[in-house]
Amino acid sequence: MATQNESLIVPSWINGKEEISSSTYPITSPSTNKVVWHSSLTTPTTILPVIESSQSAFLTWSLTKPTYRRDILLKAASILEERTEEYAPYMGTEMGAEVGISHFFAMPLAIQMLKDIAGRITSICGSVPACAAEGMSAMVWKEPYGVALGIVPWNAPFVFGVRSAATAIATGNTCILKASEVTPRSYWAIGKAFHDAGLPAGVLNIISCPATDAAAVTKVLIEHPDVKHVDFTGSAKVGRLISKACGENLKPCVMELGGKNSAIVLQDANIETAVAECIAGSFANSGQICMSTDLIILHASIATSFLETLKTALSNSSSANVPTLVSVSSKERAQKLVKDALSNDGQLFFGAQPESGPPGASFVPSILGNVGKNAQFWKEESFAPMAGYVIVESEEEAIAIANKSEYGLSAAIFTEDLRRAFAIAKKIHSGAVHINTMTVLDDPVLPFGGVKASGWGRFNSEEGMNQFLVTKTVTWKD
């Protein structure tokens, strides 16, 4: 964790400068339940200069050479790498991330993303199709939208902040990053890295506000005519509100929402591998990952062996520190899910009864079994170190259960038969299917996003870059 300093005020990044507002709000660490620092805030009445700064910067930034943009992004990646030991602890302090996640997962992934995006900039190009009409020629250009608004969450701030901001500015847009109110200093660090890398003023503005002002600030941003593109990473509940506002204002948007992710373990699966990957997929980052494994679907023929191995593995690791959720209210929501599951015929296979758990925001990792179909567990994203298992008699039944969820972000299949896995993967309604590895996988070279209530559009790779580009057709008579 970073050293706590209640008198510290985290600035916003506005027009290339660190701005401290006249009013601030406190940031409380879930690990200590104490105020660790304060954050500057932006209100609906103070947001207009931020938008104006972004629009003014766009007029020149959109004309810069790809190699210039590439070099700034690579420099920012180098700075983040050099400052990992300084910046990563901000995640631990602000949202309770363990060192293994903040130092060795989130920061390295953010740096990899930044490098990958930088490497793609010079390959952005249009095409010269052959027109059907005689005597006519055409070109197809790829151009930036303008000011792009990124609305980003707290659970992996370096990853989501880099992904949103870097993709926008790499493609010639300018970016307003509306940081989560929970992790403002982590997002400030991203702005610092870009600023020190030589990013011109106004190309990346980073603001924050308390939750009470979030809806009003977001409304002003989306409705402003200079904001041309929106990307949002967060819950389906909030995503519905933002996508509605984007629709009403005819703004294109990318939505990366929640998931209720299943891992299917078939008859011929390697049990040791499946158990290890399911534990990691369910409990990494305290289960606070949109790709976390919520449901383990076991074929009846291997269910006993899997559960025995799972019990042993969990018991051997039970002496480890109990993970911390982002807030007490998040813990209470998880406890409510467990209570509801137990009242709907569910069994607590592993974990602590909700009323007997540790104090504060700590939550004992839990596995539920045989949860009744009416339980909220089947409908809600857990977003806690918690999963449930169900036993099936066939792969058709497993596929049906996996597809029953309104979400469709990530899934996993465990089998030694690759052809069989491919056939099942085609039938699963999900943005990604991972064979013999956990549902949590984010590789910068792979498109990332979901279907159904998990959203639309993609981040990462060439597909992610194209989400931030307008296609323009230009024709002429020969």
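Values in this document were obtained by computation on a predicted structure and should not be read as measured data.

1. A few points about the overall build of the chain
Helix and strand counts for the chain stand at 14 helices and 20 strands. A globule of 478 residues ought to have a C-alpha radius of gyration of about 23 Å, and the chain, at 23 Å, matches this closely. Its C-alpha atoms give the chain principal-axis dimensions of roughly 70 × 65 × 40 Å. For the chain, the proportion of its 478 residues judged to be buried stands at 55%. Contacts in the chain between residues at least 24 apart in sequence constitute 75% of all its contacts with a sequence separation of at least 6. Counting only carbon and sulfur atoms, one obtains 54% of the accessible surface of the chain, whose full area is about 19,500 Å². Of note, the chain has its 37 positive side-chain charges centred 5 Å away from the centre of its 45 negative side-chain charges.

2. Thoughts on the environment of valine 220
Locating valine 220 in the fold gives a position in helix 7 (residues 211-223). Setting aside its immediate chain neighbours within four residues, valine 220 contacts Pro44 and Ile47.

3. A closer look at empty space enclosed by the protein
All told, the structure shown has 5 cavities of 30 Å³ or more when counted by the stated rule. Space inside the largest cavity adds up to approximately 110 Å³. Taken together, 14 residues line the largest cavity, and the ones lying closest to its centre are Phe105, Ala156, Phe160, Ile289 and Met291. Listing elements by their share of the lining of the largest cavity, those giving two or more residues are helix 4 (99-120) and helix 5 (157-170). It is helix 4 that provides the largest number of residues to the lining of the largest cavity, a total of 4 residues. Of the residues assigned to the lining of the largest cavity, the class counts are 10 nonpolar, 3 polar and 1 charged. Taken domain by domain, the lining of the largest cavity gets at least three of its residues from each of domain 1 (9-257 + 452-477) and domain 2 (261-435).

4. Focus on the sheet that holds strand 17 (residues 410-414)
Overall, mixed pairing links the 7 strands, which are arranged 14-15-16-13-12-17-18 in an open sheet. Here the strands that pair on one side only, and so sit at the sheet edges, are strand 14 (347-350) and strand 18 (432-435). Averaged over all pairs of adjacent strands, the angle between their axes in this sheet comes to 25°, without regard to strand direction. Across 4 bridges, strand 17 lies against strand 18 in parallel orientation. From the neighbouring strand, serine 410 faces strand 18, where its bridge partner is alanine 432. Against the sheet, helix 12 (residues 395-404) makes contact with strand 12 (261-265), strand 13 (293-299) and strand 16 (386-392), and its axis sits at roughly 145° relative to strand 16, the strand it touches most.

5. Digging into the sheet that holds strand 5 (residues 34-40)
The mixed open sheet is built from 3 strands, whose spatial order is 1-5-4. On the outer flanks of this sheet lie strand 1 (9-10) and strand 4 (24-29), each paired with one strand and no other. Here 6 bridges tie strand 4 to strand 5, and the two strands are oriented antiparallel to one another. Residue pairing across strands places proline 26 opposite histidine 38, the latter belonging to strand 5. Seen against the sheet, helix 3 (residues 84-95) touches strand 4 and strand 5 and runs at an angle of roughly 115° to strand 5.

6. Some remarks on the nonpolar core
Counting 66 residues, the largest nonpolar core has Leu73, Leu114 and Phe194 as the members making the most contacts within it. Counting residues per element, this core draws most heavily on helix 4, which supplies 10 residues. Leaving out residues up to four positions away in the same chain, leucine 73 has contacts with Leu114, Ile117, Ala118, Ile121, Ala166, Ile169, Ala170 and Phe194.

7. Brief notes about the layout of surface pockets
Here the largest pocket is characterised by a volume of approximately 1,300 Å³. Contributions of two or more residues to the lining of the largest pocket are made by helix 7, strand 10 (227-233), helix 8 (236-248) and helix 11 (328-343). Element by element, the count of residues in the lining of the largest pocket is highest for helix 8, at 8 residues. Split into classes, the residues belonging to the lining of the largest pocket amount to 21 nonpolar, 11 polar and 11 charged. The residue makeup of the lining of the largest pocket includes at least three contributed by each of domain 1 (9-257 + 452-477) and domain 2 (261-435).

8. Some points on the domain arrangement of the chain
Considered domain by domain, the chain is made up of domain 1 (9-257 + 452-477) and domain 2 (261-435). A C-alpha centroid distance of 32 Å is found between domain 1 and domain 2. With 18 residues of domain 1 at the contact, the number on the domain 2 side is 20 residues. Where domain 1 abuts domain 2, roughly 1,500 Å² becomes buried across the two surfaces, and 55% of that area is made up of carbon and sulfur atoms. Broken down residue by residue, the surface that domain 1 buries against domain 2 is led by Trp154, Lys452 and Ser454, which jointly contribute 33%.

Here is what the cut-offs are and how they apply
Residues numbered from 1 in each chain as written. Predicted model: local features only at pLDDT ≥ 70, side-chain atom pairs only at ≥ 80, totals over all residues. Heavy atoms only, no water. Helix = DSSP H or I, 4+ residues; strand = E, 2+ residues; numbered from the N terminus. Rg over C-alpha atoms; globule rule 2.2 N^0.38 Å. Buried < 20%, exposed > 50% of the residue type's maximum accessible area, 1.4 Å probe, protein only. Contact = heavy atoms within 4.5 Å. Areas by Shrake-Rupley, 256 points an atom, 1.4 Å probe, with all protein chains shown as cover. Lys, Arg positive; Asp, Glu negative; His and termini not counted. Charge placed at Lys NZ, Arg CZ, Asp CG, Glu CD. 1 Å grid on protein atoms, 1.4 Å probe; cavity = no way out; pocket = protein on both sides within 12 Å on 5 of 7 lines; lining within 4 Å. Points joined across faces, edges and corners; volume = space filled by probe spheres on them. Nonpolar A, V, L, I, M, F, W, Y, C, P; charged D, E, K, R; others polar. Domains from an automatic or database assignment. Pairing = 2+ DSSP bridges. Axes fitted to C-alpha atoms, helices over the stretch in contact; angles between N-to-C directions. Core = buried A, V, L, I, M, F, W, Y, C linked by side-chain atoms within 4.5 Å. Buried area = accessible area lost by both parts, 1.4 Å probe.

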